Amino acid sequence: MRVFCPECGEKARIQKTNRISTSYADLYCSCSDPECGHSFVMNLSFSHTLSPSAKNTNELVTALVKALPHEKVKEIHSQLAMF
Ligand SMILES: [Zn+2]
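Criteria and thresholds
- Residues numbered from 1 in each chain as written.
- Predicted model: local features only at pLDDT ≥ 70, side-chain atom pairs only at ≥ 80, totals over all residues.
- Heavy atoms only, no water.
- Donors = N, O, S within 2.8 Å, 3.2 Å for Na, K, Ca; no water.
- Tetrahedral: all angles 85-135°; square planar, octahedral: opposite > 155°, others 65-115°.
- Helix = DSSP H or I, 4+ residues; strand = E, 2+ residues; numbered from the N terminus.
- Buried < 20%, exposed > 50% of the residue type's maximum accessible area, 1.4 Å probe, protein only.
- Pairing = 2+ DSSP bridges.

As recorded in an unreviewed UniProt entry, the protein goes by Transcriptional regulator and comes from Photobacterium lipolyticum.

Structure follows, in structure tokens:
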């Protein structure tokens, strides 16, 4: 991952990562330009899902089925019986 110095625009190095959780980290950075010498903290955080994790497929289907009216559930049940 490329980080740039917000003061001078030069490349910066990530010196240390302080992982707060699986979806948030503080990145301790320093500018690579010795004439600048800026050191700073950037935030790395989860934004949003584009495609759901395959590991959660069962939970996803269960939640969707629970949200459906009883008649629709019966309809899906008979459709699944065809497989
Ligand atoms: Zn700089």
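Continuing now.
### Remarks on the coordination of the zinc ion
Around the zinc ion, the protein supplies Cys5 (SG), Cys8 (SG), Cys31 (SG) and Cys36 (SG) as donor atoms, at distances of 2.3 to 2.4 Å. One way to put it: the four donor atoms around the zinc ion meet at angles of 98 to 117°, and that makes the site tetrahedral. Written as a sequence motif, the donor residues of the zinc ion are C-x2-C-x22-C-x4-C. With Cys5 in the loop between strand 1 (3-4) and strand 2 (11-21) and Cys31 in strand 3 (residues 24-31), this pair connects stretches of sequence that are 26 residues apart. With relative accessibility at 4%, the residue Cys5 sits in the buried group. The buried category is assigned to Cys31, whose relative accessible area is 8%.

### What to know about the sheet that holds strand 3
The strand order 1-2-3-4 describes an open sheet built from four strands, whose pairing is antiparallel. Each having just a single partner strand, strand 1 and strand 4 (39-45) make up the two edges of the open sheet. Here strand 2 pairs with strand 3 via eight bridges, running antiparallel. Directly across from Ala12, in strand 3, lies its bridge partner Cys31.

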